[in-house]
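Close look at the chain arrangement
Residues per chain, in single letters:
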Amino acid sequence: MGNTAMAGQSNSPPDNYEDLTQAVHDHYDGLSKSYQKVARFVTQNPNDIAMLSVNALSARCGVHASSLVRFAQQFGFKGFKELQVIFQNRLATAAPGFDARIKALKSDLDMHTREGMRGFLSDLVVRDITSLENLMAGTSEEDLARAVDLLEQADTIYLVGQLRSEPIANLMRYILTMLGRKTTFLDTAGGLATQMAKVMQPGDVLLAVSFRFYATEVVNITEDAAAHGVPIIAISDSTLSPLAKTAEVLFAVPEDEYAFSRSLAAPMCLAQALMVALASRLQKGEETPRIPVVTEK
């Protein structure tokens, strides 16, 4: 595919960050799997794209450096450094990137001197703190308010999340139930989640949680719900997530790939924040929202 076809109707590449990310989203489905991997990394780590070398970025992304160069050329740039200029211009008003936050935290907490079993704990804590800081920087008041509007107005709140996303959906089911909201968890037990989802109506809302590699059933349920006019609130890892296509509100919580397991700290915190915000709406006049628990007498 030539540069002109990828960059749009013009021979010129995008000249600002917003246009570039829009071009990436518009052409994502037509990219090769390797370039889709680069696209996800580029959209989730814009500050790191601006600051790191091509070799460092290729190691982080898990592709050869030449793939980054060819990816840039697909969008009309002469090379990757020309694409980086777009991200460097954006950086003047942006918050620090993931790597920069980690280095600052490690320096502040002197994590690099800790060894042994606590070293694993320290590393995970630093990364979770970083993820939470990125969550705070990347979540808008408008998206939170719109999501709470949908949850407050819904006749029934349906939740779906599978594999490691399931604990997040289950936490929200518990809190919503304790808040007295009509809630249905689309459980995979018995293979009935897809059938259960078919009773959703436009007056309901679907709260879907899915991260790479996206559970096929969750994606299918969200697409079917959107086709039937059911509003969707999605928690995922990227604006390129398949959930992004159907979501009325998308919370993209970028994940940093590191050993053993990606953390749920940031998406779990986001889920709790949505529940607390909804509790505040429902408990009008209460200065501090309160969520009852089953063990209360």
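Residues numbered from 1 in each chain as written. Predicted model: local features only at pLDDT ≥ 70, side-chain atom pairs only at ≥ 80, totals over all residues. Heavy atoms only, no water.

Structural notes on the environment of Gly203
Among the secondary structure elements, Gly203 is positioned in the loop between α12 (193–197) and β3 (205–209). With 53 residues separating them along the chain, Gly203 and Leu150 place their C-alpha atoms 9.4 Å apart. Residues contacting Gly203, with those up to four places away along its chain left out, are Gln153, Ala154 and Asp155. (Helix = DSSP H or I, 4+ residues; strand = E, 2+ residues; numbered from the N terminus. Contact = heavy atoms within 4.5 Å.)

Observations concerning the packing of aromatic side chains
Evaluation of the coordinates by the stated rule reveals three aromatic pairs. With a centroid separation of 5.6 Å and 80 degrees between ring planes, the pair formed by Tyr17 and Phe87 is classed as edge-to-face. Of this pair, Tyr17 sits in helix α2 (residues 17–27) while Phe87 is found in helix α7 (residues 80–90), placing the two residues 70 residues apart along the sequence. The pair Tyr17 / Phe87 is uniform in exposure class, with both members buried. Aromatic pair Tyr35 and Phe71: ring centres 6.3 Å apart, planes at 70 degrees, arrangement edge-to-face. Within this pair, whereas Tyr35 is found in helix α3 (residues 33–44), its partner Phe71 is found in helix α6 (residues 65–74), the two being separated by 36 residues in sequence. With respect to class, Tyr35 is no different from Phe71; both count as buried. Grouped by ring-pair contacts, the aromatic residues Tyr35, Phe71 and Phe75 constitute a single cluster. (Phe/Tyr/Trp six-rings, centres within 6.5 Å; stacked < 30°, edge-to-face > 60°. Buried < 20%, exposed > 50% of the residue type's maximum accessible area, 1.4 Å probe, protein only.)

A few points about the side chain of Thr43
Tracing the backbone shows Thr43 in helix α3. Residue classification places Thr43 among the buried residues on the basis of a relative accessible area of 15%. One polar contact links the side chain of Thr43 to the main-chain carbonyl oxygen of Ala39, over a distance of 3.0 Å. Here Thr43 is in contact with Tyr17, Val24, His25, Ser238, Thr239 and Leu240, once residues within four sequence places are set aside. (Polar contact = N/O pair within 3.5 Å; in protein donor to acceptor, adjacent residues only side chain to side chain.)

Structural notes on the nonpolar core
By size, the foremost hydrophobic cluster in this structure holds 31 residues, and its most contacted members are Leu151, Leu159, Met172, Leu207, Ile233, Ile235 and Phe251. At the level of secondary structure, the elements contributing two or more residues to this core comprise α10 (141–153), β1 (157–161), α11 (166–178), β3, β4 (232–236), β5 (249–252) and α14 (265–282). Ranked by the residues each element gives to this core, the list is headed by α14, at seven residues. Setting aside anything within four residues of it in sequence, one finds Met172 in contact with Leu159, Leu207, Val209, Ile235, Ala271 and Met275. Residues Val24, Leu52, Leu57 and Ile86 belong to the second largest nonpolar core, which totals 29 residues. (Core = buried A, V, L, I, M, F, W, Y, C linked by side-chain atoms within 4.5 Å.)

Examining the pattern of salt bridges
Enumeration over the complete set of coordinates arrives at seven salt bridges. Measuring nitrogen to oxygen at the nearest pair gives 3.6 Å for the salt bridge that ties Asp48 to Arg60. Separated by twelve residues along the polypeptide, Asp48 in helix α4 (residues 46–51) and Arg60 in helix α5 (residues 54–61) bring together distant segments of the chain. Accessibility expressed as a relative area gives 5% for Asp48, which makes it buried. (Salt bridge = Lys/Arg side-chain N within 4 Å of Asp/Glu carboxyl O.)

Here's the deal with the packing of helix α9 (residues 117–138) against α14
As a packed pair, α9 and α14 sit with axes 8 Å apart at the nearest point and diverge in direction by 45 degrees. Accordingly, the angle class assigned to the pair α9 and α14 is oblique. α9 and α14 meet at a crossing whose hand is right-handed. The residues of α14 that touch α9, namely those facing Asp128, Ser131, Leu132 and Leu135, are Ala265, Ala266, Cys269 and Leu270. When the residues that make up the contact of α9 with α14 are grouped by side-chain class, the tally is six nonpolar, one polar and one charged. (Axes fitted to C-alpha atoms, helices over the stretch in contact; angles between N-to-C directions. Parallel < 35°, antiparallel > 145°, perpendicular 65-115°, else oblique. Left-handed = near helix turned anticlockwise from the far one by under 90°. Nonpolar A, V, L, I, M, F, W, Y, C, P; charged D, E, K, R; others polar.)

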